[in-house]
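# Fold and geometry: a report
Listed here are the chains, written in short residue letters.
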Amino acid sequence: MKIYANLKCNHSRKSFENYAEILDQDLKSSFNTHEIVVFPPSSAFSELKFSFRQGAQNFYPTLNGNFTGEIGLEMLEEFDIKDVIIGHSERRILGENDEFLKHKFDFAKEKGLNIIFCIGESDVVYMNGSSKEFLKSQLKELDLEYKNLTIAYEPIWAIGSGKSASPEYIDEILDFLRTLSSAPLLYGGSVNLGNIAEISSIKNCNGVLVGSASFEVENFIKLIREIE
Ligand code: 13P
């Protein structure tokens, strides 16, 4: 299982040092068979090597250059970062549109990065029953057979709400996404200790992208244990 932690805008360099050390120790001393990737804020990237991978929540599709406030591939490479999230709804809401996301996707693909491409519908789209059409449109023009692609289905209405989508609904959507791509599929949106076992046992579910429930390392470790 892929168990990915998106720490969002949480953790200083110091507190992530502590997080990483505790997680690393735990993974080393347990019989962990899962693929763990943690996405800290970029100011907290560590140069140390761990038994999990560090990934980037965001990047600008450039090696370097005149892009104030952004970080490019050169900065990711310094930390040996190969996993990048693209298309998270919390970035789309800031103005990253499909065209720009395709540009990011193509850049990351050209560089051979592991792309975690996030898609997800709003509550309005969900309520009017056009989720599948909408999700398909979010994937259009992307190379869905790119070998290092993972697609994360994160319904916006479930993110940070404390209430995940139902297993039946996740199953239906992942089934649909499987008809579009053979990439690994993740579910994200209020994954927690109470639902991770059931969600991760869904047929086409290859893992989870966890937000809030991963912010505290002890809780993230419990989540990993829950599906051992
Ligand atoms: P929550 O787990 O807090 O709902 O966040 C999910 C998410 O956005 C992961 O990318």
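First, a word on what this report is: a plain description of the structure on this page. Residue numbers here run from 1 along each chain, matching the order of that chain's written sequence. Note on the predicted model: pLDDT of at least 70 is required for a residue's local features to be given, and 80 or more for side-chain atom pairs to be given and counted; whole-chain, interface and lining totals, by contrast, use all residues. Neither water nor hydrogens contribute to the side-chain values; these are computed over all heavy atoms in the structure.

What follows concerns the pattern of salt bridges. Salt bridges, as used here, are contacts in which a Lys or Arg side-chain nitrogen is within 4 Å of a carboxyl oxygen on Asp or Glu. All told, the structure shown has 17 salt bridges when counted by the stated rule. Two residues, R91 and E96, come together in a salt bridge whose shortest N-O distance is 2.7 Å. Overall, R91 belongs to the partly exposed group, its relative accessible area being 26%. Connected through salt bridges with shared partners, the residues K2, E35, R53 and D83 form a single ionic network. Buried residues are those whose accessible area, probed at 1.4 Å on protein chains only, stays under 20% of the maximum for their type, while exposed residues exceed 50% and partly exposed ones sit between those limits.

The next subject is the packing of aromatic side chains. Remark: the centre distance and the inter-plane angle together describe each pair of aromatic rings, the angle taken between the planes. Stacked, tilted and edge-to-face pairs are distinguished by plane angle, under 30 degrees for stacked and over 60 for edge-to-face with tilted covering the rest, among Phe, Tyr and Trp rings (Trp via its six-membered ring) whose centres lie within 6.5 Å. Overall, the coordinates contain 13 aromatic pairs when judged by the stated rule. Seen from their ring centres, Y4 and F39 are 6.1 Å apart, and the 55° between their planes marks the pair as tilted. One end of the pair, Y4, is in strand β1 (residues 2–6); the other, F39, is in strand β2 (residues 35–39), and 35 residues separate them in sequence. F39 carries the same exposure label as Y4, and that label is buried. Ring geometry for Y126 and Y169: centres 5.0 Å apart, planes at 75°, overall edge-to-face. Of the two residues, Y126 sits in helix α5 (residues 123–127) while Y169 sits in helix α7 (residues 167–180), which places them 43 residues apart along the sequence. Residue class for Y169 comes out buried when judged on its relative accessible area of 13%. The helix and strand labels rest on DSSP assignments: H or I over at least four residues marks a helix, E over at least two residues marks a strand, and numbering proceeds from the N terminus.

Before going further, it helps to spend a moment on the pairing of β1. The element β1 is extensively covered by neighbouring structure, given that five of its five residues are classed as buried. Taking every second residue as pointing to the same face, both faces of β1 are buried, with K2, Y4 and N6 on one and I3 and A5 on the other. Across four bridges, β1 lies against strand β8 (residues 207–210) in parallel orientation. Considered in β8, the bridge of A5 is made with V210. Think of it this way: DSSP has to see at least two bridges between two strands before they count as a pair.

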